[in-house]
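# Overview (structure and organization)
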Amino acid sequence: MLTRDVPLNVREWMQGVIKEEEINRYLVNGRDFINDEEIEELLRKHRNPEPQRVRDIIAKSLALERLEPEETATLLNVEDEELWEEIFQAAGEVKRKVYGDRIVTFAPLYCSNFCVNNCLYCGFRRDNHLQKRRRLTIEEVRREAEALVSMGHKRLIMVYGEHPLSDVDYIARTIQTVYETKVGNGEIRRVNVNAAPMDIARLRILKEVGIGTFQVFQETYHHETYRKVHPEGTLKAHYRWRLYALHRAQEAGIDDVAIGALFGLYDWKFEVMGLLYHTIDLERHFGGVGPHTISFPRLEPAINTPFVQETRYKVSDRDFKRLVAVIRLSVPYTGMIITAREPAHIRREVIPVGCTQTDASTRIGIGAYSDRYTEQDLKRQQFQIGDPRSLDEVVRELAEMGYITSFCTADYRCGRTGKYFMGIAKKGKIHHFCMPNAILTFKEYLIDYASPETRSVGERLIEQKFAELDEALKPLVREYLERIERGERDLRI
Ligand code: SAM
Ligand code: SF4
């Protein structure tokens, strides 16, 4: 059923999007992998866990093994504050073991906010008539990319509403434009995409233009809540089309896929379980390759979007830190993304319990990096962001906390994706590659873009992290650092 106020050409386009046969092949006896009753039952059954049981599960994570649903349900049920402290400590340790003290940094680039869907929580929803609609022209995409490259970014996530105006051909052209953009020494080396679910043929087009990760958030894994927040008659109302979006991406050859849940739509413990079941199903279908990253955005206020204030399931700061730590322990090998939706003080608190990626200098208005934006325009963004600090400020703070900001994109460009990436992540060996490459890209950033204060904090941190490298790696890294000083760029291990 399609609503009447959607123009005919848009309705026709919508009818060609969902391919049932690209869902049904993944179902088992007609069921998807989220069994709501089973999840609720596991969460009930493992209430009040024995401390020893919790510690055994923590030990399994520290050995970098992915947890099973009953183990994650047990961690989610911990009440004791001291046990939570042990969980936070362990989560930080797992992060250090797998990824080292580094944070990968990126910026989002919003290209179009036309949308055929009506998600109750989103400022871009079709019926939000206070939203100004805009799609960037190719020239405007180039200008946005130039602005981002000039700040020092090397990685973007490009974001699109679901609409024929931003179909796969538009997405592909905008990505190519970004890859072509050069400013001085700078360029974008990896473009990830957050867009609506697509069929396999369209996903192959994205693969061909060289996307890094394809990211789709399930929003909520709870079937009934999903139905309530995604009105019938929209494409997004189709829970399973979305649930298997990343299975299709894998089939299309995009082997870095990213999952996420929007926290605040339903019980946070249920959503963490959903993310784990999603991980397990991807591993099962694709030879052990789970999600490259997991995201856990919290609902933020958006213009003319009363749902956000009305939800019963808002996640407190205390529970937010807990859910991040439990995801970290449940899937030790995955990257974890905290975004600028969160204010600076929460990011400081939560990064140490397991995050591996963050955005900086974030603007989510369409054209917001290169246009002059008024206060009113900022209010009309998809939602309100919590941390508007510049890249330089974020990099400096992270360095003061002991984290190297990595602009590295070598994994992807050296073919260290999918199965290969998982193999080294699961053995806790990523940081053998990542830390040297993080140091080298950080050095480039400090020379080309950083303020004098950031540069001085950053140079001290490089020496500290260099000293901690394997002895065998040191001569090559030192040589590369000197070559970067002399003007060479894009050197990687
Ligand atoms: N339209 C595509 C889709 O829905 O998958 C991709 C773009 S959408 C702009 C990206 C993500 O923004 C959504 O998946 C959702 O999780 C998040 N989002 C929407 N409304 C939000 C809000 N009020 N606060 C925080 N995040 C929100
Ligand atoms: Fe459209 Fe995505 Fe916003 Fe839903 S979340 S209204 S699909 S842009």
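Residues numbered from 1 in each chain as written. Chains lettered and ligands numbered in written order. Predicted model: local features only at pLDDT ≥ 70, side-chain atom pairs only at ≥ 80, totals over all residues. Heavy atoms only, no water.

Counting through the fold element by element, Ile385 comes out in the loop between α17 (375-379) and α18 (391-400). Between the C-alpha atom of Ile385 and that of Val98, which follows or precedes it by 287 residues, the distance is 29 Å. The contacts of Ile385, once residues within four sequence positions are left out, are Ala340, Arg341, Thr362 and Ile364. (Helix = DSSP H or I, 4+ residues; strand = E, 2+ residues; numbered from the N terminus. Contact = heavy atoms within 4.5 Å.)

Turning next to α18. Most of α18 sits out of view: 7 of its 10 residues are buried. Within α18, the full set of buried residues consists of Leu391, Asp392, Val394, Val395, Glu397, Leu398 and Ala399. Looking one or two places after α18, you find Gly402, whose phi comes out positive at around 95 degrees. (Buried < 20%, exposed > 50% of the residue type's maximum accessible area, 1.4 Å probe, protein only.)

Another point: the pattern of salt bridges. For the structure shown, the criterion picks out 45 salt bridges. Where Arg66 meets Glu68, a salt bridge forms, and the shortest distance between an N and an O atom there is 3.3 Å. For Glu68, a relative accessible area of 32% corresponds to the partly exposed category. One salt bridge connects Arg189 with Asp490, and the closest N-O pair in it is separated by 3.4 Å. Taken as a pair, Arg189 in the loop between β4 (186-187) and β5 (190-194) and Asp490 in the segment after α23 (474-485) lie far apart in primary sequence, 301 residues in all. (Salt bridge = Lys/Arg side-chain N within 4 Å of Asp/Glu carboxyl O.)

Turning to the packing of helix α22 (residues 452-467) against α23, a few remarks are in order. Contact geometry for α22 and α23: axes closest at 11 Å, N-to-C directions at 160 degrees. Classified by the interaxial angle, the pair formed by α22 and α23 is roughly antiparallel. Within the contact between the two elements, α22 uses Arg455, Ile462, Glu463, Phe466 and Ala467 and α23 uses Lys474, Val477, Arg478, Leu481 and Glu485. For the contact of α22 with α23, the per-class residue count stands at 5 nonpolar, no polar and 5 charged. (Axes fitted to C-alpha atoms, helices over the stretch in contact; angles between N-to-C directions. Parallel < 35°, antiparallel > 145°, perpendicular 65-115°, else oblique. Nonpolar A, V, L, I, M, F, W, Y, C, P; charged D, E, K, R; others polar.)

Now for the site of ligand 2. Every residue lining ligand 2 is accounted for by Cys115, Asn117, Cys119, Cys122, Phe124, Arg125 and Lys236. Among the residues forming the shell around ligand 2, the class breakdown is 4 nonpolar, 1 polar and 2 charged. (Near = heavy atom within 4 Å.)

The next point concerns the packing of helix α3 (residues 36-45) against helix α13 (residues 268-285). Geometry of a packed helix pair, given as the angle between the helix axes and the separation of the axes. Where α3 meets α13, the closest approach of the two axes is 10 Å, and the angle between their N-to-C directions is 120 degrees. As the angle between them shows, α3 and α13 are arranged oblique. Between α3 and α13 the crossing geometry is right-handed. Along its contact with α3, which presents Asp36, Glu38, Ile39, Glu40, Leu42 and Leu43, the element α13 presents Lys269, Phe270, Met273, Gly274 and Tyr277. Here the residues of the contact of α3 with α13 sort into 6 nonpolar, 1 polar and 4 charged. (Left-handed = near helix turned anticlockwise from the far one by under 90°.)

A word on the nonpolar core. Ranked by size, the top nonpolar core spans 160 residues in total, and within it Ile175, Leu206, Phe214, Phe296 and Leu323 carry the most contacts. When residues of this core are assigned to domains, at least three map to each of domain 1 (10-27 + 95-366 + 375-407) and domain 2 (411-485). Phe296 has contacts with Ala261, Phe263, Phe320, Leu323, Val324, Ile327, Met336, Ile337, Ile338 and Cys355, leaving out every residue within four places of it along the chain. (Core = buried A, V, L, I, M, F, W, Y, C linked by side-chain atoms within 4.5 Å. Domains from an automatic or database assignment.)

Bringing the UniProt feature "domain: Radical SAM core" (unreviewed entry) in the protein into the picture now. Cross-referencing UniProt, the feature "domain: Radical SAM core" (unreviewed entry) maps to residues 99-333 in the present numbering. Along residues 99-333 one finds 39% helix and 15% strand; the C-alpha atoms at either end are 9 Å apart. (UniProt positions renumbered as here; feature names shortened; annotations may be inferred.)

Another aspect to go through is the packing of aromatic side chains. Counted under the stated rule, the structure contains 11 aromatic pairs. Ring centres 6.2 Å apart and planes at 90 degrees place the aromatic pair Tyr160 and Tyr170 in the edge-to-face group. Placement of the pair is Tyr160 in strand β2 (residues 155-160) and Tyr170 in helix α8 (residues 168-180), with a sequence separation of 10 residues. The class for Tyr160 is buried, based on a relative accessible area of 6%. By relative accessible area, which is 2% here, Tyr170 ends up buried. Taking the centre distance of 5.0 Å and the plane angle of 85 degrees together, the rings of Tyr226 and Tyr239 count as edge-to-face. (Phe/Tyr/Trp six-rings, centres within 6.5 Å; stacked < 30°, edge-to-face > 60°.)

Moving on, we get to the side chain of Lys321. Within the secondary structure, Lys321 is located in helix α15 (residues 317-330). Side-chain polar atoms of Lys321 contact the side chain of Glu349, separated by 3.0 Å. Non-local contacts of Lys321, meaning those with residues more than four positions away in its chain, are made with Phe88, Glu349, Val350 and Val353. (Polar contact = N/O pair within 3.5 Å; in protein donor to acceptor, adjacent residues only side chain to side chain.)

By the alternation rule, side chains of strand β9 (residues 335-338) split into Gly335 and Ile337 and Met336 and Ile338, which are all buried. When strand β8 (residues 293-295) meets β9, the two strands line up parallel, connected through 3 bridges. Within β9, the residue paired with Ile294 across the bridge is Met336. Note that β9 and strand β10 (residues 357-359) share 2 bridges and pair parallel. Bridge pairing links Ile337 to Gln357 in β10. (Pairing = 2+ DSSP bridges.)

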